[in-house]
Amino acid sequence: MKSRLFLSLLLVFLISNLQSQVSLSLGTGVLKGFGVPKTFYGFQGGFELPKNNDVTFYARLGYYFPRNEDEAMTANVTAIDLTTSPYNLTVNYQSSTNYATIEGGTRYYLGNDYDNGFSVYGGSNFMLIINSVKNNYEKFDYTGQYEWENNYELPPNTEDKGKIISIALGLQGGLKYTFPARGTIFADLTGSYAIFGKPSNQTAANTNLYAPMIFTFNVGYRKDLY
């Protein structure tokens, strides 16, 4: 619900500020949470609307692929049929977490213009962060003898998936070079801190791969449309 409301407000803002020039961008990126031992790798795409030659509004979507926790955990499963033997098994699983980001903000260009030559840029941003957490169970019990999925079940009220939704504020800085009539290459670094974050259940709350402070580094190509 919150993500749909955010996208609706963003769409209204863009329609009210739509201009004849817009830029589309695609690229790749990495995400690192402060204090988190894993680095996440992914891709991003977005657009940019100039207010004038030196100031733009941008919006960008990012997706960073799941990473597994380093340590495996165990769960006890119980046979569905009372005649099944053994009646209880222990199953290993690993928790994985990914990051999806929706960000936007204002950029200020120094040097040449937004669509001309070399420039550096910076500004503030806001970000909606969605973490999907999943427990990935092995098909066999910890001894490797019994395939459990069709004949056993997890404890009642066990949820093997969850989400964390966060709202963050931050700063961004980068540089770009525009090739006449060809497009723009860019690289930027963003640091954001979550002022609000809420897990949907205990599975999401237990992840060690979530951090309220994240850094993303992105490189990509931007094409200006007129």
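This text gives an overview of the structure that appears in the document.

So, how was this worked out
- Residues numbered from 1 in each chain as written.
- Predicted model: local features only at pLDDT ≥ 70, side-chain atom pairs only at ≥ 80, totals over all residues.
- Heavy atoms only, no water.
- Helix = DSSP H or I, 4+ residues; strand = E, 2+ residues; numbered from the N terminus.
- Core = buried A, V, L, I, M, F, W, Y, C linked by side-chain atoms within 4.5 Å.
- Buried < 20%, exposed > 50% of the residue type's maximum accessible area, 1.4 Å probe, protein only.
- Salt bridge = Lys/Arg side-chain N within 4 Å of Asp/Glu carboxyl O.
- Patch = residues over 30% accessible without salt bridge, like charges linked within 9 Å, V, L, I, M, F, W, Y side chains within 5 Å.
- Areas by Shrake-Rupley, 256 points an atom, 1.4 Å probe, with all protein chains shown as cover.

Right, let's get into unusual backbone geometry. The amide bond that connects Ser85 to the next residue, Pro86, takes the cis arrangement and shows omega of -5°. Position of Pro86 among the secondary structure elements: in the loop between β4 (73–79) and β5 (88–111). A positive phi angle is found at Ala181, which is not glycine, with a value near 65°. Mapped onto the secondary structure, Ala181 falls in the loop between β8 (161–179) and β9 (183–199).

Looking now at the nonpolar core. If you look at the biggest cluster of nonpolar residues, it comprises twelve residues: Leu31, Val36, Phe40, Tyr64, Tyr99, Met127, Ile129, Ala168, Ala194, Leu209, Ala211 and Ile214. Judged by nonpolar contacts, the second largest core, of nine residues, contains Ala75, Val77, Tyr137 and Tyr152.

A word on the pattern of salt bridges. Following the criterion strictly, the structure yields seven salt bridges and no others. Among the ionic pairs, Asp70 bridges to Lys38, the shortest N-O distance being 3.0 Å. You can see Asp70 sitting in the loop between β3 (55–68) and β4 and its partner Lys38 sitting in the loop between β1 (22–33) and β2 (39–50), a full 32 residues away along the chain. Judged by its relative accessible area of 57%, Asp70 falls in the exposed class.

Moving on: a nonpolar patch on the surface. Taken together, the side chains of Leu110, Phe118, Val120, Leu175, Tyr177, Phe179, Ile185 and Tyr221 present a nonpolar region at the surface, about 720 Å² in accessible area. Sorting the residues of the nonpolar patch by element identifies β6 (117–137) and β8 as the ones contributing at least two each. As for its placement among the helices and strands, Leu175 is situated in strand β8. In this structure Leu175 comes out as partly exposed when scored by relative accessible area, which is 42%.

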